[in-house]
Amino acid sequence: MTRAVPVVLLIAAAMLAASPFMIDAAPPEVTMGLVQKIFYVHLPSAMIFMVSSVMCGVASAIYLMGGRSAKADRIALAAAELAIVFGLITLVTGPLWGRKAWGVWWVWDARLTSTLVMWLLYWSFVLLRRFGGAGSETLSAGVGLFGMALVPFVYWSVNVWRTLHPMTSVVPTLPASMGIPLWWDVVAFACLFGALFALRTRVERLRTDLDSALADADE
Amino acid sequence: MIKRVVLSCMLLAVPAVAAAQQNMPTGFKAFDESAPRETLPAAPLVFIAYSLAWIALAFYAFTLWRKLGKVEQDLAELRRLVKR
C-alpha cells in the first residue's frame, strides 16, 4: 500500500493546485456572497472527518471482537489522528464562515456541539494511547466505538433540530457550477487522506517492528 | 424510579431554558438608520480559512514524515548493531 503513496500524494497535490481556479470560477452564493467559498474546504474536511471516525470505529470494533488484532489497532490509531486533523479544519473554517454569514462565530446548537464533542473524543483516544500505559489499546478502542456512534447523530442533527447550519439537502441540490468544484475537492481531500493514512499506519508498524527487535536484542 | 428520571430531566432543563430566555427579544425596537452597520469583509475570512487548512495539513504531513524517518533510522541502526 505504501508504494502507491507518492502517486496518490502527487494526484492530491495536482488536484489541490487546480482547486483555487475551480473555486474562483464557481459563482458566489446569492445571499452569502464571497464568504460561501469557504464551503469548498469546510465540507470536504467534514466528510473526511466522518470517514475517519467510521474507520476508527470499525477498526476498534474488530480489535475488541477479533482477538486484539495489532493491525486493527494501528488502523484505529491512524484514523483517530486524521479525524483530529480534518476535524480541526472543519471546526476552524466553520466559524470563519459563520461569522460573516450568521453574525456569530459559534452557536451551541446540536450540529456544532456534537461535532466538537466528537472531535474531543478523538483527542481523548490519542491522549489515552500516549499516556494511558498498558491496556490503553482496549480503552481507546471503546472510545473509538463511541466516536463512530456519534457520526449519524452529527449528520442528522441539522435535519432534526432547529439550527443556523445549512441542512443536508444543500449538497444534492447544488447547481453543477458549485457541485463540480465541491466534488473535485472531496476527491482531492480523499486522496490526501489515503496517503496520510498509509504513512501513519506504516510509522506504527515500524514502531512495532522496532519494539520486537529491541526485545529480541535484549534476550 | 420514573419520578426520579423526570425530576432529573426537569432540573437539567432549567439552566437551558433560562439561557434561552436571556436571548429572547422583549419587544420591538425601531430601526435606526444612522446606527453604524457591520461591514465585515469576506475576503480575509476566506483567505484565513484556506491558509489555516493548508497549514494544518502541511504541518501534519511534515511531522509524519519526520516520525517515519526517525523510526526507519532507529530500526536500521538496531539491525546494524545486532549484525555485529
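Hey, could you run me through the overall build of chain B in this one?
The number of helices and strands found in chain B is 2 helices and 0 strands. Residue burial in chain B is summarised as follows: out of 84 residues, 17% are buried. Put simply, chain B shows about 7400 Å² of open surface, and 68% of that area lies on carbon and sulfur atoms.

For this particular structure, what's the right way to read the packing of aromatic side chains?
Two aromatic rings, taken as a pair, are described by how far apart their centres are and by the angle between their planes. As enumerated under the stated definition, the model contains 11 aromatic pairs over all chains in all. Taking 6.0 Å as the distance between ring centres and 90 degrees as the angle between the ring planes, the aromatic pair formed by W119 of chain A and W123 of chain A counts as edge-to-face. Here W119 of chain A pairs with W123 of chain A, and both are found in helix α4 (residues 110-131), just 4 residues apart, close to one helical turn. For W119 of chain A, a relative accessible area of 13% corresponds to the buried category. Of the residues examined, W123 of chain A reaches a relative accessible area of 36% and is grouped as partly exposed. When the ring of F153 of chain A is compared with that of W161 of chain A, the centres are 5.4 Å apart and the planes differ by 55 degrees; the resulting orientation is tilted. Using a relative accessible area of 44% as the deciding quantity, one classes W161 of chain A as partly exposed. Grouped by ring-pair contacts, the aromatic residues F86, F189, F193 and F197 of chain A together with W54 of chain B constitute a single cluster.

How should the interface of chain A and chain B be read in this particular structure?
Often the size quoted for an interface is simply the accessible area lost on bringing the parts together. Counting residues at the interface gives 35 residues for chain A, matched by 26 residues for chain B. Taking both sides of the interface into account, the surface hidden between chain A and chain B amounts to around 2800 Å²; carbon and sulfur atoms contribute 82%. Three residues stand out in chain A for area buried against chain B, namely L96, K100 and L210 of chain A, and they jointly supply 17% of the buried area on that side. Run the count over chain A and chain B and you get 1 salt bridge. Residues R202 of chain A and E72 of chain B are paired through a salt bridge, measuring 2.5 Å at the closest nitrogen-oxygen approach. Counting across the interface, chain A meets chain B through 4 residue pairs in polar contact (both at pLDDT 80 or more). Listed by contribution, the elements that provide at least two residues to the side of chain A that touches chain B are α1 (5-25), α2 (39-65), α3 (70-101) and α6 (176-218) of chain A. No other element matches α6 of chain A, which puts 14 residues into the side of chain A that touches chain B. Residue composition of the side of chain A that touches chain B, grouped by class: 26 nonpolar, 1 polar and 8 charged.

Help me out: how do you make sense of the packing of α3 of chain A against α4 of chain A in this one?
To describe two helices that pack against each other, one gives the angle between their axes and the distance between the axes. All names here are of chain A. Running from amino to carboxyl end, α3 crosses α4 at an angle of 140 degrees, the nearest separation of the two axes being 9 Å. On the basis of the axis angle, α3 is oblique to α4. Seen along the crossing, α3 lies across α4 with a hand that is left-handed. Residues D73, A76, L77, A80, E81, A83, I84, G87, L88 and L91 of α3 pack against T115, L116, W119, Y122, W123, F125, V126 and R129 of α4. Tallied by class, the residues present in the contact of α3 with α4 amount to 13 nonpolar, 2 polar and 3 charged.

Cut-off values and rules
- Residues numbered from 1 in each chain as written.
- Chains lettered and ligands numbered in written order.
- Predicted model: local features only at pLDDT ≥ 70, side-chain atom pairs only at ≥ 80, totals over all residues.
- Heavy atoms only, no water.
- Helix = DSSP H or I, 4+ residues; strand = E, 2+ residues; numbered from the N terminus.
- Buried < 20%, exposed > 50% of the residue type's maximum accessible area, 1.4 Å probe, protein only.
- Areas by Shrake-Rupley, 256 points an atom, 1.4 Å probe, with all protein chains shown as cover.
- Phe/Tyr/Trp six-rings, centres within 6.5 Å; stacked < 30°, edge-to-face > 60°.
- Contact = heavy atoms within 4.5 Å.
- Buried area = accessible area lost by both parts, 1.4 Å probe.
- Salt bridge = Lys/Arg side-chain N within 4 Å of Asp/Glu carboxyl O.
- Polar contact = N/O pair within 3.5 Å; in protein donor to acceptor, adjacent residues only side chain to side chain.
- Nonpolar A, V, L, I, M, F, W, Y, C, P; charged D, E, K, R; others polar.
- Axes fitted to C-alpha atoms, helices over the stretch in contact; angles between N-to-C directions.
- Parallel < 35°, antiparallel > 145°, perpendicular 65-115°, else oblique.
- Left-handed = near helix turned anticlockwise from the far one by under 90°.

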